[in-house]
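# Observations on the three-dimensional arrangement
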Amino acid sequence: MDLLKLGLYEQAILMFAAVVLFTSFAMLAQARIVPLIHIFAWQGALLAITAALVAYVTNHPHLYFSAALTLVLKALLIPWLLHRLTVRLNIHRDIEVLRFPSLIMLGGAVLVVFSYSVALPIAHLASGTTRNTIAISQAVVLLGMLLMITRKKAIAQVIGFMSIENGLFFAAVSATYGMPMVVELGIAFDVLVAAVLFGVFFFQMRDSIDSFDVDRLNRLREVDEPPLPDVTEKET
């Protein structure tokens with residue numbers, strides 16, 4: 001695909017898609033909690049700008065509302081809530097030790113190649129821009145899953161979960177010009193409620209095991225009860 005032959009709108013969409021994908025890799029490589037939240041906020045801001053650009057070019061006014069809602073929730077409110085939680089829980093200076101970071105980044109690159117290979121069957125049904133945005137959106141989803149798998153801290157896993165939703169939103173905006181307003185409002189409300197519930201879960205987790213390492217949950221064992229004495233019938 002020759003980028004010089006594309007229009008200004010297609011080039012801008014591909015540029016924003018590339019930057020969104022870059023933020024997913026940046027989150028995958030980030031070991032500190034607060035910078036991870038900041039990168040997630042930038043990803044939300046990029047999604048809002050993309051939605052506003054699509055609304056302007058395609059004349060879909062409802063996407064302006066989606067852009068504003070995305071900016072408020074994913075770039076401002078939810079990152080602020082997560083940052084406030086990290087400060088209140090005194091984990092804003094924690095650094096998570098990443099095991100095999102080079103292999104993790106290599107796995108992320110493999111997922112991007114896999115996403116493009118999956119998007120190949122639609123080559124004859126869609127334009128090159130749509131094919132690339134769908135492939136990148138799927139890559140963002142898979143990188144969010146990889147972030148959840150490779151991290152032990154609960155907050156990092158929550159950010160990976162919300163990054164998955166960002167990938168789905170980017171695909172909906174760039175490929176299908178958004179979803180119905182009722183669906184978008186429902187998803188936004190679900191994401192906000194999930195952020196609040198995750199905050200409650202963090203406090204309960206700290207009070208229960210005094211740690212945010214999810215692996216410690218696997219080490220919990222119930223108190224063994226004393227075995228009951230075996231009752232055998234004596235032969236007569």
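See above for the structure.
Figured I'd write up the structure that's included with this text. (Residues numbered from 1 in each chain as written. Predicted model: local features only at pLDDT ≥ 70, side-chain atom pairs only at ≥ 80, totals over all residues. Heavy atoms only, no water.)

### Here we look at the side chain of Asn132
What counts is decided by this rule: Secondary structure is summarised from DSSP: a helix means a run of H or I of at least four residues, a strand means a run of E of at least two, and numbering begins at the N terminus for each. The rule is simple: take the accessible area with a 1.4 Å probe, protein chains only, and divide by the maximum for that residue type; under 20% is buried, over 50% is exposed, in between is partly exposed. Any pair of N or O atoms that falls within 3.5 Å is considered a polar contact. Within protein, one atom must be able to donate a hydrogen and the other to accept it, and sequence-neighbouring residues count only if both atoms are side-chain atoms.
Counting through the fold element by element, Asn132 comes out in helix α5 (residues 128–150). In this structure Asn132 comes out as buried when scored by relative accessible area, which is 14%. At 3.1 Å, the side chain of Asn132 and the side chain of Tyr116 are in polar contact.

### Quick look at a nonpolar patch on the surface
Selection rule: Patch membership requires more than 30% relative accessible area and the absence of a salt bridge. Residues of like charge join within 9 Å; the nonpolar side chains Val, Leu, Ile, Met, Phe, Trp and Tyr join within 5 Å. To be clear on the numbers: accessible area is Shrake-Rupley with a 1.4 Å probe, and residue cover counts the displayed protein chains and nothing else. By definition, a salt bridge exists where a carboxyl oxygen of Asp or Glu is found within 4 Å of a side-chain nitrogen of Lys or Arg.
There is a patch of nonpolar side chains on the surface, built from Phe100, Leu103, Leu106 and Val110 and spanning about 440 Å² of accessible area. Secondary-structure assignment places Leu103 in helix α4 (residues 101–119). Look at Leu103 and you get exposed, because its relative accessible area is 54%.

### Focus: the nonpolar core
Heads up, the condition is: Side-chain atoms within 4.5 Å link the members of a nonpolar core, which is a set of buried Ala, Val, Leu, Ile, Met, Phe, Trp, Tyr and Cys residues. Between two residues, a contact is recorded if the distance between any of their heavy atoms is within 4.5 Å.
Counting residues in each nonpolar core, the largest one holds 41 residues, and the members touching the most others are Leu21, Met27, Leu28, Phe40, Val54, Leu143 and Ile159. Among the secondary structure elements, those contributing two or more residues to this core are α1 (8–29), α2 (33–58), α3 (62–88), α4, α5 and α6 (154–176). Tallying contributions element by element places α2 first for this core, with 10 residues. If near-sequence neighbours (up to four positions away) are discounted, Met27 is found in contact with Leu36, Ile39, Phe40, Gln43, Leu147, Arg151, Ile159 and Ser163.

### Topic: the packing of α1 against α4
Selection rule: Working convention: axes come from line fits to C-alpha atoms, limited for helices to the stretch in contact. Angles between N-to-C directions cover 0 to 180 degrees. Should an angle fall under 35 degrees it is taken as roughly parallel, and over 145 as roughly antiparallel, whereas 65 to 115 is taken as roughly perpendicular and any remaining angle as oblique. Crossing handedness is defined as follows: a turn of the near helix away from the far one that is anticlockwise and smaller than a right angle gives a left-handed crossing, while the clockwise case is right-handed. Here the term charged refers only to Asp, Glu, Lys and Arg, the term nonpolar to Ala, Val, Leu, Ile, Met, Phe, Trp, Tyr, Cys and Pro, and the term polar to all other amino acids, Gly among them.
Contact pair α1 / α4: the axes reach a minimum separation of 10 Å and the direction vectors enclose 155°. Judged by the angle between their axes, α1 and α4 are roughly antiparallel. Crossing of α1 over α4 shows right-handed handedness. Judged by residue contacts, Leu21, Phe25, Leu28 and Ala29 of α1 engage Ile104, Met105, Gly108, Ala109 and Val112 from α4. Looking at side-chain class alone, the contact of α1 with α4 contains 8 nonpolar, 1 polar and no charged residues.

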